[in-house]
Amino acid sequence: MEQFSIQRLSPQLVRIGGLMHEFMYLVEGGERAALIDTGGGFGSLRQVVRSLTGKPLVVLLTHGHVDHAMGAGEFEDVWMDPRDIPVFCQHARQAFRIEALHGARPRLEQDPPMIPCADPRRFHPLRDGAGFDLGGVHLDVFECPGHTPGSMVVLLRELRTTIDDAMDAAGLPLIGVIPEDRRVILAANMGRPLILEGRRGAANACLNIAKRIEGYRVPIMRIR
Ligand SMILES: [Zn+2]
C-alpha cells in the first residue's frame, strides 16, 4: 500500500498515484465504481481500491502503455480498445516493465512485487461512444487516437469535466502536449536527458514546455 498515494479530488473522484509517477482515478457512483487505468502493476492496486470502496468495480484502460495498464491482472471486469492489444503485449514483457520502473527512479530499497500481466484477450472491447452508469454518475468514453492507436478519454458527465479539466480545476493548466515517441522510453532507460536524443518529437515538446514555464509564448505543437 505504501507504493501508492491517495488524493481525494471531489466526493466522487479519488486520484491514486503509483511508483512510476503515474495516476489512476477511482470514480464512485451510488451503485458501482470505476477505476480509470491501473498503472505500472507494482504493488497491489486492488488492495488500495478495496480500502476505498466495496462497490462492484469496472476498470477502464485509457490505453495499453506500461504505466497505465499493467495492474489490470488484479481485476476481472476490464475494458480496453482492442487496437491497443499489440502495444499492451509489447509493454507487458517483464524486462520492459522492470526497465520502465527503474527509469522512473522511485525511492525504494527493493523492487515491490510485480503484478502478473493480464491476458488482454479477456478484456472487453472499449469503443467510441461507450457509456457506464455508476448510479447517479455517468462516464462517457470517446476515442482519441494519437498517443496510441486505441487511446480513449473518459468524460465524467455530472461533473461536466474530463480528467484534464479536473487537473485544471486543481490549478494545473495544460502547458503542453507530448507526442508518442519511442525515444522517451529509450532515454529514460539509459538515464539520459531526452533532449540529447535530438530536438524532435517529444524532446521538442518538452523544450517548448520549459519555455512556457519561463514565460515565453510558444504555440502548442500540431500532432498528427
Ligand atoms: Zn502512454
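In what follows, the structure referred to is the one given above.
Small disclaimer: the values here were computed from a predicted structure and weren't measured. (Residues numbered from 1 in each chain as written. Predicted model: local features only at pLDDT ≥ 70, side-chain atom pairs only at ≥ 80, totals over all residues.)

### Considerations on the sheet that holds strand S1 (residues 5–10)
The condition is simple: DSSP-based pairing: two strands are paired if at least 2 bridges between them are found. Elements are defined by DSSP. Helices are runs of H or I of four residues or more, strands are runs of E of two residues or more, and each kind is numbered from the N terminus. Contact between two residues is assigned whenever their backbone-derived C-beta positions fall within 7 Å. Working convention: axes come from line fits to C-alpha atoms, limited for helices to the stretch in contact. Angles between N-to-C directions cover 0 to 180 degrees.
A sheet is described by the order of its strands in space; here seven strands give the open sequence S1-S2-S3-S4-S5-S6-S7, paired in mixed fashion. Lying at the two open borders of the sheet, with one neighbouring strand each, are S1 and strand S7 (124–125). Strand contacts of helix H1 (residues 45–52): S1, strand S2 (13–17), strand S3 (23–28), strand S4 (33–36) and strand S5 (57–60), with the helix running at about 30 degrees to S3, the strand carrying the most contacts.

### Remarks on the pairing of S5
The criterion, for reference: Residues with at least 20 other C-beta atoms within 10 Å of their own are called buried, those with 12 or fewer are called exposed, and the rest are partly exposed. The C-beta atoms themselves are positioned from the backbone. Handedness of a crossover is defined as follows: with both strands directed away from the viewer, a clockwise route from the first strand across the helix to the second makes it right-handed.
Of the two faces of S5, the one holding Leu-57 and Val-59 and the one holding Val-58 and Leu-60 are both buried throughout. In this region the chain leaves S4, passes through H1 and returns to the parallel neighbour S5; the handedness of that crossover is right-handed. Bridge analysis of S5 against strand S6 (residues 78–80) gives two bridges, and the strand direction is parallel. Pairing of Leu-60 across the sheet is with Trp-79, part of S6.

### Some remarks on the nonpolar core
A general feature of soluble globular proteins is that nonpolar side chains tend to end up buried together. Heads up, the rule is: Note on terminology: a nonpolar core is any set of buried Ala, Val, Leu, Ile, Met, Phe, Trp, Tyr and Cys residues joined through C-beta atoms within 7 Å.
By size, the foremost hydrophobic cluster in this structure holds 42 residues, and its most contacted members are Val-27, Ala-34, Leu-35, Val-59 and Leu-60. In this view, Val-27 contacts Gln-12, Leu-13, Ala-33, Ala-34, Ile-36, Leu-134, Val-137, Leu-139 and Leu-156; residues no more than four positions away in its chain are not counted.

### Section: the pairing of S4
The alternating pattern of S4 places Ala-33 and Leu-35 and Ala-34 and Ile-36 on opposite faces, both of which are buried. Remark: four residues form the turn of the hairpin made by S3 and S4, two consecutive strands paired antiparallel. Taken together, the four bridges between S4 and S5 define a ladder with parallel strand orientation. Paired with Ala-34 across the strands is Val-58, a residue of S5.

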